[in-house]
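# Coordinate analysis (summary)
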Amino acid sequence: MADNVKRAAEVARTTNETDIKLSFAIDGTGTASIETDVPFLNHMLDLFAKHGQFDLTVEARGDVDIDDHHTVEDIGICLGQTIREALGDKRGIKRYASVFVPMDEALAQVVIDLSNRPHFEYRAEYPSAQVGSFQTELVHEFLWKLALEARMTLHVIVHYGRNTHHMIEAVFKALGRALDEATCIDPRVQGVPSTKGVL
């Protein structure tokens, strides 16, 4: 990858349910500006950007008078699209990462392969169905759409925990750190890290 190539992308998505503008830069400083109608997701995306050292801007409005589902899902779609575009042909990247992150009593693991083969595995059982007004089932929805649109293999395991907020927070921190590691340029990698010659 040339030194002057900026690995970044932005997307705008408008439907009858949501209106989203999102920009994402892989080689950032952990700067986030998140404005959505879902306060808990704002907090999680801020953590994701900070711990992944990404620059992330999200402006999203959705039909939260119904529930948060469409907004959370569509932000996952948009973030996945920008990750895929920002990675380009993936020359020189590490491709894989496996990261454990503790959050007090909770422990989460995120494993990534930037394979161009979307797959999602999720192992998490939360003590409560909601954190504030946020439904915990939406974590699955967000991560699945992210993996699908980024065309990555993503495995998320919450090994244990007692506090649902802590458990989900550990997931988003681990997601940031794992994606940071997988997208890092490894000077030993010549071309694309695949025997196929393409990702």
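Residues numbered from 1 in each chain as written. Predicted model: local features only at pLDDT ≥ 70, side-chain atom pairs only at ≥ 80, totals over all residues. Heavy atoms only, no water.

## What to know about the overall build of the chain
Each helix and strand counted, the chain has 4 helices and 10 strands in total. Taken from N to C terminus, the helices and strands of the chain fall in the order β-β-β-α-β-α-β-β-β-β-β-α-β-α. Against the compact-globule benchmark of 16 Å for 199 residues, the chain has a radius of gyration of 16 Å, which places it among compact chains. Projected onto the principal axes, the alpha-carbon positions of the chain cover approximately 50 × 35 × 30 Å. Looking at the chain residue by residue over its 199 residues, the buried ones come to 51%. Split by element, the accessible area of the chain, about 9400 Å² in all, is 46% carbon and sulfur. When the 20 basic and 30 acidic side-chain charges of the chain are each reduced to a single mean position, those positions are 10 Å apart. (Helix = DSSP H or I, 4+ residues; strand = E, 2+ residues; numbered from the N terminus. Rg over C-alpha atoms; globule rule 2.2 N^0.38 Å. Buried < 20%, exposed > 50% of the residue type's maximum accessible area, 1.4 Å probe, protein only. Areas by Shrake-Rupley, 256 points an atom, 1.4 Å probe, with all protein chains shown as cover. Lys, Arg positive; Asp, Glu negative; His and termini not counted. Charge placed at Lys NZ, Arg CZ, Asp CG, Glu CD.)

## Topic: the packing of aromatic side chains
The full count for this structure, using the stated rule, is 5 aromatic pairs. For the pair Phe-24 and Phe-54, a centre-to-centre distance of 5.0 Å together with 50° between the ring planes defines the contact as tilted. Of the two residues, Phe-24 is situated in strand β2 (residues 18–25) and Phe-54 in the loop between α1 (39–52) and β4 (55–62); the sequence distance between them amounts to 30 residues. Overall, the relative accessible area of 2% leaves Phe-24 in the buried class. Three or more aromatic residues joined by ring pairs make a cluster, and in this case those are Phe-24, Phe-48 and Phe-54. (Phe/Tyr/Trp six-rings, centres within 6.5 Å; stacked < 30°, edge-to-face > 60°.)

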